[in-house]
Amino acid sequence: MNELELIERAQKGDKNAYGDLMRLHHRTVEKFAFQIGVKADDIQDVTQEVFIKLYRFLHQFQRDRFTTWLYKITLNSARDYYRKEQREKDKEEKIQEDVNFGVTTRSAESKILVFEEDRELHEAIQLLDEKYRIPLALFYFQELTYEQIGDVMNIPLATVKTRLLRAKDQLKSALSQKGDAEYGR
Amino acid sequence: MDDKQFEQQMKLLKKTYERVPSKFNSDEVLRKIEDEGNQTKEPTIPIKSPTSKWQKVSVWAVSLASMFIIGILSASFLNEGKEQGDKPVTEFDENDIEKLEISYQEERKKRQKMLDMTDEQFNSIGFVQFADKEFARTIKPGSLESNQSDMPLKLRYSTVIDFLELPSEMVQDALETKEKFNEEKSMLFIDELTTKIDQLTYVYDVVIEEHRDVMSTAKMNGELDADYLYGHRTGLPKPVESMLENAPMQGIAIAVSPDKNRFIAKFHLGYELRDVLSETAYNYLEIKSNLPFWEAGELSYEPAQAAHLLQYIEKTLIETKTQNTGIQAVTKMHYLSLAEKLIIDSESNKIFENGKLKNEYAMAWDILRNTMGTSPIKFFIDPFYKSMAKDEWRINETYKALEISDLSYALSLAEVGDLAQLMPGEEFTFKSESYFWPDVNLTQKVHGHYKAVEETSDRQALEDATPVEIVALAQFASEFEKSDLRYSLYRVTDQLPEFDDYNLIMKGQNVIPEDATLIRYIEEMTYLQDGEYHTSVEIFKDDNLIKTVPLVRQKGGVWQMIYEEPLVPPGYFHEGHIAITDDMEYNIVNLYESYKQDHNFSLLQNASALEVAGMYLEADKNGDLETQYELLLKDDQYVTPSREEFLSYPTDGGHDWKVQFEAVEIIQDTPTDANGEFSVVVWFDLNYSLVTDDEYRRGFQMRKTVDGWRVHFMPMQ
């Protein structure tokens with residue numbers, strides 16, 4: 001059964017078909033979420049939220065726009081997740097841990113970005129303004145076309161090209177200067 | 001960097017992103033979708049009892065690896081009485097029992113499906129077996145309990161279902177209560193939670209053992225790699241794939257063993273319970289997540305790390321008021337065993353070499369004997385530490401005579417507060433304190449200290465002065481131009497300038513900023529290092545921390561401030577950490593709305609840096625390039641595009657700065673020129689929900705000109 005048929009069946013309420021769709025696409029969502037700045041430890045929560053939301057909107061979009069919606073909802077879920085989460089930074093507890101508890105585990109990020117070059121590049125990407133970071137991730141890591149990127153972000157083709165150029169310039173400059181501040185509008 | 005290099009690096013990073021771990025469970029999502037759909041339906045059989053289950057039931061089930069005792073299971077009900085209209089239990093309907101039996105089997109199946117386990121696996125789980133027994137004992141007719149119990153049938157059933165709940169369900173329930181548990185409730189909760197997780201771990205241990213060969217192929221760069229295993233789980237034998245999919249959701253990570261030779265199932269919970277549990281109870285979970293402490297008898301950590309871990313465990317045990325929980329008992333055993341590993345030589349863990357204590361263990365012992373406060377391990381180790389130090393760390397009679405049971409005894413004394421009597425003079429007596437600033441009582445104390453120092457000419461007269469009092473005394477010395485006294489309150493370090501230079505730097509400066517409203521010291525921020533206590537005093541303006549003063553104290557000495565170079569050079573413009581209030585936002589938006597009509601410069605003349613920055617960001621949010629351009633600095637010295645070029649930039653609006661940012665600090669960045677103009681960076685603190693490990697604030701470049709504040713082109717860093 002091809003993917004369009006799966007979508008059609010899922011739209012008709014076939015949960016097994018939706019389960020198959022999730023298994024086909026969850027890696028895309030997980031990786032994309034991480035690429036646009038979701039922390040490794042939060043990826044599971046965000047990914048779940050994406051597919052729950054996607055199911056709610058499943059009936060409202062055309063089958064051939066499934067991927068577009070997948071990316072759109074991932075973007076929104078990543079933003080919503082950090083707005084909703086009630087995370088307080090307890091400075092005293094952190095100091096306590098740092099001082100009295102010398103045992104730490106490797107962060108989840110460091111297990112993914114093992115090499116320094118990757119870490120530097122990933123961090124430089126995260127420092128980009130969202131309007132540059134998203135098209136960059138969609139183009140280089142998700143291999144979307146300009147048209148598809150424009151569709152996901154709801155911006156004209158020309159804007160996609162401009163932002164990709166700026167993103168690339170800013171990144172190259174940041175990496176060349178290794179940590180010097182870059183200015184963005 | 002040229003394009004080719006850039007493209008190459010991006011390609012490599014893309015490959016690296018394949019390592020993003022996956023713990024996705026589509027069944028879990030489908031279940032949540034179904035739950036959402038069922039939310040309006042009333043359950044025919046209540047699953048949740050109205051009272052908190054951890055107050056209602058006290059379960060002590062300790063069932064761990066073979067070396068521990070088998071769990072003793074008891075349930076005491078604190079139910080306050082029968083519900084109205086419940087049938088007397090001796091008259092239950094056969095249909096009720098039949099329904100419950102069917103329902104119970106469905107509940108079992110549901111959990112089995114969540115874990116994706118075979119019948120054999122699921123039936124072997126300790127808490128499932130317990131739930132089955134409880135069902136037989138308390139629900140089925142003919143059993144003694146069901147005949148004699150005056151608890152309603154529904155409530156008994158609901159209790160059995162609680163026993164069947166998976167760890168993930170327990171966590172979810174706790175999070176949904178949206179309350180902070182007290183210590184007792186927290187300890188009961190983690191007791192039950194960790195027992196269930198341990199029992200699930202045994203099942204996964206069997207899976208790992210049975211599939212060791214195939215799992216041992218999951219390697220990256222020749223070493224076992226858990227992420228690789230997760231990423232390539234499709235195609236592995238079903239039990240392994242199922243384990244990798246489901247274990248993480250139940251608080252179990254499949255990780256590489258410390259000796260890197262195999263995979264193990266180990267306890268691993270995220271941070272979500274931190275807001276629910278008491279701090280002490282949460283600490284037990286953190287301790288557990290660091291297991292195993294040793295493997296095949298050998299320490300899994302470096303001795304210094306193990307020493308810090310031991311200190312943490314000790315502190316947690318001593319601070320626990322709720323006694324007699326299973327997890328506490330187990331943690332005590334870990335504490336004693338870990339101490340033994342660090343202190344007693346053994347075949348599997350040698351701490352001596354050629355009859356001499358290894359350096360790394362001597363360092364670990366030094367850490368332990370410098371434990372803060374009334375510490376059993378410090379009490380225990382100090383005698384033979386001193387004795388062996390004199391004998392160049394060779395085994396001597398004092399060491400041979402030591403017994404680990406003495407440590408256990410010291411711990412028991414500490415738990416009831418009796419150890420302090422045996423450790424006179426060791427207790428750290430500086431308790432947390434805070435004062436609104438200025439404060440009459442604090443001023444009186446400062447005067448007392450000043451008099452004592454003046455009369456004795458001896459700084460030791462300040463030995464009872466607290467960290468706050470020292471800082472306040474320094475401020476007093478500033479105000480009354482007692483520069484000698486002020487200077488003497490600093491620890492002499494390389495950073496401390498010479499007396500005259502120091503006075504020049506501090507001219508007109510306050511130790512405690514003029515606009516401070518609160519000054520405080522927190523005992524928990526104090527730590528012992530190299531025989532000295534280190535701490536800091538925090539100074540606040542309303543809710544914002546505006547300054548921290550570090551202090552140090554030798555044992556038996558006085559608190560001394562540590563000199564730090566000022567963040568902002570004297571005389572420079574600085575507005576420290578102002579919270580962006582709703583009123584400020586409202587004013588800025590109003591100012592923007594007025595200004596954008598005709599860009600009347602007179603509106604900007606008296607506007608503050610924050611107001612102009614806010615207007616620029618508001619314009620950016622609205623895609624209002626014209627207003628943004630009008631706010632830009634136009635000066636030959638600085639690059640600014642032409643109006644035409646600027647207005648041609650594409651825009652579809654930016655983020656809402658009012659959501660993104662919550663406070664500002666403004667710091668002058670360049671010297672003031674002859675016209676009185678200078679540049680600043682407006683540091684916007686990100687809203688806590690947007691803060692990451694790499695970014696907590698963003699800089700915004702502006703300039704103070706004779707016409708008011710203006711924004712640098714491309715201002716945001």
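Residues numbered from 1 in each chain as written. Chains lettered and ligands numbered in written order. Predicted model: local features only at pLDDT ≥ 70, side-chain atom pairs only at ≥ 80, totals over all residues. Heavy atoms only, no water.

**As for the overall build of chain A**
How we decide: Numbering of helices and strands runs from the N terminus; a helix is a DSSP stretch of H or I covering at least four residues, while a strand is a stretch of E covering at least two. Each residue gets one of three labels from its accessible area relative to the maximum for its type: buried under 20%, exposed over 50%, partly exposed in between, using a 1.4 Å probe on protein chains only. In this description, contact between two residues means that some pair of their heavy atoms is separated by no more than 4.5 Å. Accessible surface is estimated by sampling points in the Shrake-Rupley manner with a 1.4 Å probe; for residues, cover comes only from the protein chains shown.
The helix and strand tally for chain A stands at 10 helices and zero strands. The N-to-C order of helical and strand elements in chain A reads α-α-α-α-α-α-α-α-α-α. For chain A, the proportion of its 185 residues judged to be buried stands at 49%. Sequence separation of at least 24 residues holds for 62% of the intrachain contacts in chain A that already meet a minimum separation of 6. Here chain A has roughly 9100 Å² of accessible surface; of this, 46% comes from carbon and sulfur atoms.

**A closer look at the overall build of chain B**
Check the secondary structure of chain B and you find 30 helices and 19 strands. Relative to its full complement of 717 residues, chain B shows a buried share of 49%. In chain B, the proportion of contacts linking residues at least 24 apart, taken out of those at least 6 apart, comes to 63%. Of the accessible surface of chain B, which amounts to about 35700 Å², a share of 48% is contributed by carbon and sulfur atoms.

**Things to note about the side chain of Thr320 of chain B**
Residues and elements named next belong to chain B. Defined as follows: We define a polar contact as two N or O atoms separated by no more than 3.5 Å, with the added condition that, inside protein, one atom must be a possible hydrogen donor and the other a possible acceptor, whereas residues neighbouring each other in sequence contribute only through side-chain atom pairs.
Checked against the element boundaries, Thr320 lands in the loop between α15 (303-319) and α16 (326-343). We classify Thr320 as buried; its relative accessible area is 4%. Within the structure, the side chain of Thr320 is placed 2.6 Å from the backbone oxygen of Thr316, a separation counted as a polar contact. In this structure Thr320 touches Glu183, Met187, Thr280, Tyr284 and Gln328, once residues within four positions along its chain are discounted.

**Focus: the packing of aromatic side chains**
What characterises a pair of aromatic rings is the spacing of the ring centres plus the angle enclosed by the ring planes. Residue and element names in this part refer to chain B. This is how it is decided: The aromatic pairing rule takes the rings of Phe, Tyr and Trp, using the six-membered ring of Trp, and pairs them if the centres are within 6.5 Å, calling planes under 30 degrees apart stacked, those over 60 edge-to-face and the rest tilted. Any Lys NZ or Arg CZ found within 6 Å of a ring centre and within 35 degrees of that ring's normal is scored as a charge over the ring.
Inspection of the entire model under this criterion finds 37 aromatic pairs over all chains. For the pair Tyr385 and Trp393, a centre-to-centre distance of 5.0 Å together with 70 degrees between the ring planes defines the contact as edge-to-face. Site record: aromatic cluster; members linked through ring pairs are Phe352, Trp365, Phe380, Phe384, Tyr385, Trp393 and Tyr399. Cation over ring: Lys288 sits above Phe267, and NZ or CZ is 5.5 Å from the ring centre.

**Details of the packing of helix α2 (residues 15-35) of chain A against helix α3 (residues 43-57) of chain A**
To describe two helices that pack against each other, one gives the angle between their axes and the distance between the axes. Residue and element names in this part refer to chain A. Note the threshold: For every element, the axis is a line fit to its C-alpha atoms; helices are fit only across the contacting stretch, and the angle between N-to-C directions ranges from 0 to 180 degrees. These descriptions rest on fixed angle ranges, namely under 35 degrees for roughly parallel, over 145 for roughly antiparallel, 65 to 115 for roughly perpendicular, and the rest for oblique. Take the far helix as your reference; a near helix turned counterclockwise from it by less than a right angle gives a left-handed crossing, and one turned clockwise gives a right-handed crossing. Only Asp, Glu, Lys and Arg are considered charged in this grouping, and only Ala, Val, Leu, Ile, Met, Phe, Trp, Tyr, Cys and Pro are considered nonpolar; every other residue, Gly among them, is considered polar.
The geometry of α2 relative to α3 is characterised by a closest axis approach of 9 Å and an angle of 135 degrees between their N-to-C directions. As the angle between them shows, α2 and α3 are arranged oblique. The two elements α2 and α3 cross, and the hand of that crossing is right-handed. Between α2 and α3, the contacting residues are Lys15, Tyr18, Met22, His25, His26, Val29, Glu30, Ala33 and Phe34 on the first element and Ile43, Val46, Thr47, Val50, Phe51, Leu54 and Tyr55 on the second. Its residues assigned to classes, the contact of α2 with α3 comprises 11 nonpolar, three polar and two charged.

**Looking at the confidence of the model for chain B**
All names here are of chain B. Inclusion rule: Confidence scores labelled pLDDT are given residue by residue by the predictor and lie between 0 and 100.
Summarising the model, chain B shows a mean pLDDT of 82, and 88% of its residues fall at 70 or more. Scored below 50 in pLDDT, residues 40-90 makes 87 contacts in the model with residues more than four places away or belonging to other chains. Quick note on the complex model: pTM equals 0.47, ipTM equals 0.87.

**A word on helix α27 (residues 609-621) of chain B**
All names here are of chain B. Stated formally: Multiplying 1.5 Å by the residue count of a helix minus one yields the expected span of that helix.
For α27, built from 13 residues, the straight-helix expectation of 18 Å at 1.5 Å per residue is met to within 8% by its first-to-last C-alpha distance of 18 Å. The buried fraction of α27 amounts to 11 of the 13 residues, a majority that puts the element mostly inside the structure. Burial in α27 covers these residues: Ala609, Leu610, Val612, Ala613, Gly614, Met615, Tyr616, Leu617, Glu618, Ala619 and Asp620. Once α27 ends, the next one or two residues include Gly623, with phi positive near 65 degrees.

**Considerations on the pattern of salt bridges**
Residue and element names in this part refer to chain B. What counts here: Salt bridges are identified by distance alone: a Lys or Arg side-chain nitrogen within 4 Å of an Asp or Glu carboxyl oxygen.
The final tally for this structure, using the stated rule, is 41 salt bridges over all chains. Of the charged contacts in the structure, one is a salt bridge between Glu532 and Arg491, with a shortest N-O distance of 2.8 Å. Separated by 41 residues along the polypeptide, Glu532 in strand β12 (residues 532-541) and Arg491 in the loop between α23 (483-488) and α24 (499-505) bring together distant segments of the chain. Judged by relative accessible area, which is 15%, Glu532 ranks as buried. A salt bridge links Asp656 to Lys658, with the nearest nitrogen and oxygen atoms 3.0 Å apart.

**Comments concerning the environment of Thr162 of chain A**
Topologically, Thr162 of chain A is positioned in helix α10 (residues 157-177). Relative accessible area serves as the criterion here: at 25%, Thr162 of chain A is assigned to the partly exposed category.

**Topic: the pairing of strand β19 (residues 708-716) of chain B**
Two faces, one strand: in a regular strand the side chains alternate between the faces of the sheet. Residues and elements named next belong to chain B. In plain terms, the rule: In this analysis, strands are considered paired if DSSP registers two or more bridges between them.
Among the nine residues in β19, eight count as buried, and that is most of the element. In the sheet, strand β18 (residues 697-705) pairs with β19 via five bridges, with the strands oriented antiparallel. Looking at β19, one finds that Phe700 is bridged to Met716. Hairpin geometry of β18 and β19 is characterised by an intervening segment of two residues between the two adjacent antiparallel strands.

**Digging into unusual backbone geometry**
Residues and elements named next belong to chain B. Going from Leu291 to Pro292, the amide bond is cis rather than trans, its omega being 0 degrees. Residue placement: Pro292 occurs in the loop between α14 (279-289) and β5 (294-295). For the bond running from Trp437 to Pro438, omega is -5 degrees, close enough to zero to count as cis. The residue Asp116 is not glycine, and still its phi comes out positive at about 55 degrees. Among the structural elements, Asp116 can be located in the loop between α4 (94-115) and α5 (119-123). According to the relative accessible area criterion, Asp116 is partly exposed, its value standing at 32%. Within the chain, Glu392 stands out as a residue other than glycine whose phi angle is a positive 55 degrees.

**Side note on the nonpolar core**
Where we set the bar: In this text, buried Ala, Val, Leu, Ile, Met, Phe, Trp, Tyr and Cys residues form a nonpolar core when linked through side-chain atoms within 4.5 Å.
With 97 residues, the main nonpolar core has Ile254, Leu273, Leu342, Ile343 and Trp365 of chain B as its most contacted residues. Here this core takes 10 residues from helix α10 (residues 183-210) of chain B, the largest share from any one element. Excluding residues that lie within four positions of it along the chain, Leu342 of chain B makes contacts with Leu299, Pro303, Ala306, Ala307, Leu310, Ile351, Tyr361, Ala364, Trp365 and Leu368 of chain B. Counting residues in hydrophobic clusters, the runner-up holds 60 residues, among them Leu21, Ala78, Ile149 and Ala167 of chain A.

**Section: the side chain of Gln121 of chain B**
All names here are of chain B. By the secondary structure assignment, Gln121 is in helix α5. By relative accessible area, Gln121 is classed as buried at 16%. Within the local environment of Gln121, its side chain forms a polar contact with the backbone nitrogen of Thr118, the two atoms lying 3.0 Å apart. Gln121 has contacts with Val203, Val207 and Pro239, leaving out every residue within four places of it along the chain.

**Structural notes on the pairing of strand β9 (residues 433-436) of chain B**
All names here are of chain B. Side chains Glu433 and Tyr435 of β9 all project onto a buried face; the interleaved residues Ser434 and Phe436 project onto a face where none is buried. Summarising the sheet, β9 and strand β10 (residues 518-521) pair through four bridges and their orientation is antiparallel. The partner of Glu433 across the bridge, within β10, is Tyr521.

**Structural notes on the packing of helix α9 (residues 146-153) of chain A against α10 of chain A**
Residue and element names in this part refer to chain A. Taken N-terminus to C-terminus, the directions of α9 and α10 make an angle of 100 degrees; their axes are 9 Å apart at the nearest point. Here α9 is positioned roughly perpendicular relative to α10, judged by the angle of their axes. Here Tyr146, Glu147, Ile149, Gly150 and Met153 of α9 lie close against α10, whose contacting residues are Leu157, Val160, Lys161, Arg163 and Leu164.

**Some details on the environment of Glu223 of chain B**
All names here are of chain B. Take Glu223: it is sitting in strand β2 (residues 223-224). Placed 37 residues apart in sequence, Glu223 and Lys260 show a C-alpha to C-alpha distance of 7.5 Å. For Glu223, the residues in contact, after removing those within four places along its chain, are Ala218 and Lys260.

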